[in-house]
Amino acid sequence: MAASDLRSWIDLLRREGELVEIDAEVDPFLEVTEIVDRTVKAGGPALLFKNPRGSSHPLLVNQFGSERRMCLALGAETLDSVAARLEDVLEMQPPQGIVEKVRGLGKLKRLADSMPKTVGRGACQEIVLEEPDLDLLPIQHCWPEDPAPFITLPAVITRDPRTGARNVGMYRMQKIDARTTFMHWQIHKDGAADWRGMGDRLEVAVALGCDPITTYSASAPLPKHIDELMLAGFLRGEPVELVKARTVDLEVPAAAEIVLEGYVEKGELGTEGPFGDHTGYYSPPEPFPIFHLTGMTMRRDAIYPSIVVGVPPQEDAWLGKATERIFLPAIRMTVPEIVDFDLPVAGAFHNCTIVSIRKAFPGHARKVMHAIWGLGMLSLTKTVVVVDEFVDVHDYERVFFHACANVDPGRDVLLSEGPLDQLDHAAGLPCLGGKLGIDATHKWASEGAREWPHRIEMTPEVRDAVDRRWAELGIDASAATNGAKDGQKSRISGPLRRSIHL
């Protein structure tokens, strides 16, 4: 079962040996970041700083920072098993018989039971501050050129001013003073759409320290009409409970550790940034809305959650990998020829997508490139590499081999232009720049290629025979068994796999 709130999640991490609790006083100004950065890059544990300097609230970081913890957070054995649950619902067809009708009703009930529900009271309002005060929280000042501390793991809740639909997103918040922050609503994000469509004022609530699935769901790139809290309820297997906020007309997660309530006003902007971002560079100062606090509630002994972004890999790598796996079925619904895809961590989510396809006609790879560039947040992808269905997209050496062996740059490279991530510093213009498509599939004569050679493959009979004899050969090479096959590698390798002791 997935954890029901942040405290049960911390208890689970503790039982599983995935948490280090640090009693020593540690400074949220830069020092926490250095400790976390070393820990993440060594594949180390979640960290609970129990005595952050200047605050009585513990600071939790790196809760999602490994494949195992991401699976624990989602209550699943593997990330792909979570995708399979979603695929089961997405592939619903009109039932033909009584058995299928019963199964269909069960799936519909699961969806109905996923809707959030409002309750009368919640732990998030055990303490109501008469005066909101962000100075109470151990908000991290992450990198030397950051101008101020940033809240980095919030679930920001707004409503579409036109439809009333709820949006929950994860947008960084630079602290201005004890009662105001900036709200980093990037131009392509749903929060920015609510802001653009607002009247004179837009009410906002910010939940800090939710259960891990609700926190993850705030980061998920859902279409605007799908409620992130419904996704959280589906993944949790039970609805997210909400309570009415005290000073704004919004509902907030009842079990959150801390809730900030307030508003942004039309036309009120300030210069936010720079900020050391997941691109590995500082994003430049830009104008963003100002969030004014009208209320602040919390649980007793509230725990403040944070995340450090910076030169990959960081903790957000596994939030991204969860999204990659969970949303594969939805992508296949739109582009069914896709077999698998991978968003390399080093690509900072939007810089590169590797996709394998069942090639069926000339120019098929280019069709898929354009489909990716027109698909939700994948539309911001800068480079798309397309390989054949038999290539493991998570095996970067294999992908690189095919990108080298199968590509004629004069024929198989596509240059285009389109929207880019607002954080992309390499683009010639903000949010707009070049796109690169690489067709690394096998080529046909109808695509301008000579007769394509056969791939080198051992016969299954010989491979199986060697498998049976391997033990008697006395060769100490564990990877050699089935070595001729394309194997599934860990989705992140290298320094993330090492351990650390604090």
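Residues numbered from 1 in each chain as written. Predicted model: local features only at pLDDT ≥ 70, side-chain atom pairs only at ≥ 80, totals over all residues. Heavy atoms only, no water.

Let's shift gears to the overall build of the protein. On a plain count of helices and strands, the protein comes out with 14 helices and 24 strands. The C-alpha radius of gyration computed for the protein amounts to 24 Å, which stays within 12% of the reference 23 Å derived for 502 residues, consistent with globular compactness. Out of the 502 residues in the protein, the part that is buried amounts to 53%. Partitioning the contacts of the protein with sequence separation of at least 6, the portion at a separation of at least 24 is 72%. Accessible area for the protein stands at about 22,600 Å²; split by element, carbon and sulfur atoms hold 55% of it. Each charge class in the protein can be summarised by its mean position, and for the 55 positive and 73 negative side chains these summaries are 4 Å apart. (Helix = DSSP H or I, 4+ residues; strand = E, 2+ residues; numbered from the N terminus. Rg over C-alpha atoms; globule rule 2.2 N^0.38 Å. Buried < 20%, exposed > 50% of the residue type's maximum accessible area, 1.4 Å probe, protein only. Contact = heavy atoms within 4.5 Å. Areas by Shrake-Rupley, 256 points an atom, 1.4 Å probe, with all protein chains shown as cover. Lys, Arg positive; Asp, Glu negative; His and termini not counted. Charge placed at Lys NZ, Arg CZ, Asp CG, Glu CD.)

With that settled, the discussion passes to the sheet that holds strand E13 (residues 251-253). If you trace the three strands from one edge of the open sheet to the other, you get E4-E12-E13, paired in mixed fashion. Across the chains shown, the open sheet's two edge strands, defined by having one partner strand only, are strand E4 (117-118) and E13. (Pairing = 2+ DSSP bridges.)

The omega angle of the peptide bond from Gly273 to Pro274 is 0°, so this bond is cis rather than trans. Structurally, Pro274 is set in the loop between strand E15 (269-272) and strand E16 (275-276). In this structure, Pro313 follows Pro312 across a cis peptide bond, with omega equal to 0°. Located in the positive-phi region is Leu30, a residue other than glycine, with phi close to 70°. Within the secondary structure, Leu30 is located in the loop between strand E1 (19-22) and helix H2 (31-41).

With respect to burial, helix H3 (residues 67-74) is a largely interior element, six of its eight residues being buried. Among the residues of H3, those classed as buried are Arg69, Met70, Cys71, Leu72, Ala73 and Leu74. Of the residues trailing H3, Gly75 is marked for its positive phi of about 65°.

Residues Trp9, Met70, Leu74, Tyr216, Leu235, Val252 and Ile326 are the most contacted members of the largest nonpolar core, which totals 56 residues. Once residues within four sequence positions are removed from consideration, Met70 is found in contact with Phe64, Leu79, Tyr216, Trp318, Leu319 and Ala322. Core analysis: the next-biggest nonpolar cluster, separate from the first, contains 37 residues, Met198, Ile258, Met298 and Tyr304 among them. (Core = buried A, V, L, I, M, F, W, Y, C linked by side-chain atoms within 4.5 Å.)

Right, let's get into the side chain of Glu447. With respect to the secondary-structure elements, Glu447 resides in the loop between strand E24 (432-439) and helix H14 (460-473). There is a polar contact of 2.7 Å between the side chain of Glu447 and the side chain of Lys359. A distance of 2.9 Å separates a polar side-chain atom of Glu447 from the backbone nitrogen of Gly363. (Polar contact = N/O pair within 3.5 Å; in protein donor to acceptor, adjacent residues only side chain to side chain.)

Restricting attention to buried positions, one finds in helix H1 (residues 6-15) the residues Leu6, Trp9, Ile10, Leu12 and Leu13. All buried residues of H1 lie within an arc of 160° about the axis, which places them on one face of the element. The inward-facing, buried residues of H1 abut E1, strand E2 (46-49), strand E3 (59-61), H3 and helix H7 (212-219). Gly17 lies just past H1 and shows a positive phi near 70°. (Arc of directions from axis to C-beta.)

Let's shift gears to the environment of Ser217. Looking at the secondary structure, you find Ser217 in helix H7. The class of Ser217 is buried, set by a relative accessible area of 1%. In this structure, Ser217 is in contact with Glu228, Leu231 and Ala232, ignoring residues within four places of it in sequence.

Turning our eyes to something else, we now look at the pattern of salt bridges. Under the criterion given, the structure shown has 41 salt bridges. When the shortest N-O distance is used, the salt bridge between Asp37 and Lys41 registers 2.8 Å. With a gap of four residues between them, Asp37 and Lys41 both fall in helix H2, about one helical turn apart. What makes Asp37 buried here is its relative accessible area of 15%. A relative accessible area of 22% places Lys41 in the partly exposed class. Between Arg325 and Glu324 there is a salt bridge, with its nearest N and O atoms 3.1 Å apart. (Salt bridge = Lys/Arg side-chain N within 4 Å of Asp/Glu carboxyl O.)

Where H3 meets H7, the axes come as close as 8 Å, and the angle between the chain directions of the two elements is 105°. The angle between H3 and H7 places the two elements in the roughly perpendicular class. When H3 is examined against H7, the residues Met70, Ala73 and Leu74 are found in contact with a partner set consisting of Pro212, Ile213 and Tyr216. Split by residue class, the contact of H3 with H7 holds six nonpolar, no polar and no charged. (Axes fitted to C-alpha atoms, helices over the stretch in contact; angles between N-to-C directions. Parallel < 35°, antiparallel > 145°, perpendicular 65-115°, else oblique. Nonpolar A, V, L, I, M, F, W, Y, C, P; charged D, E, K, R; others polar.)

With that settled, consider the environment of Phe29. Mapping Phe29 onto the fold places it in the loop between E1 and H2. Under the relative-accessibility criterion, Phe29 is labelled partly exposed at 47%. Between the alpha carbons of Phe29 and Thr247 there is a distance of 31 Å; along the sequence they are 218 residues apart.

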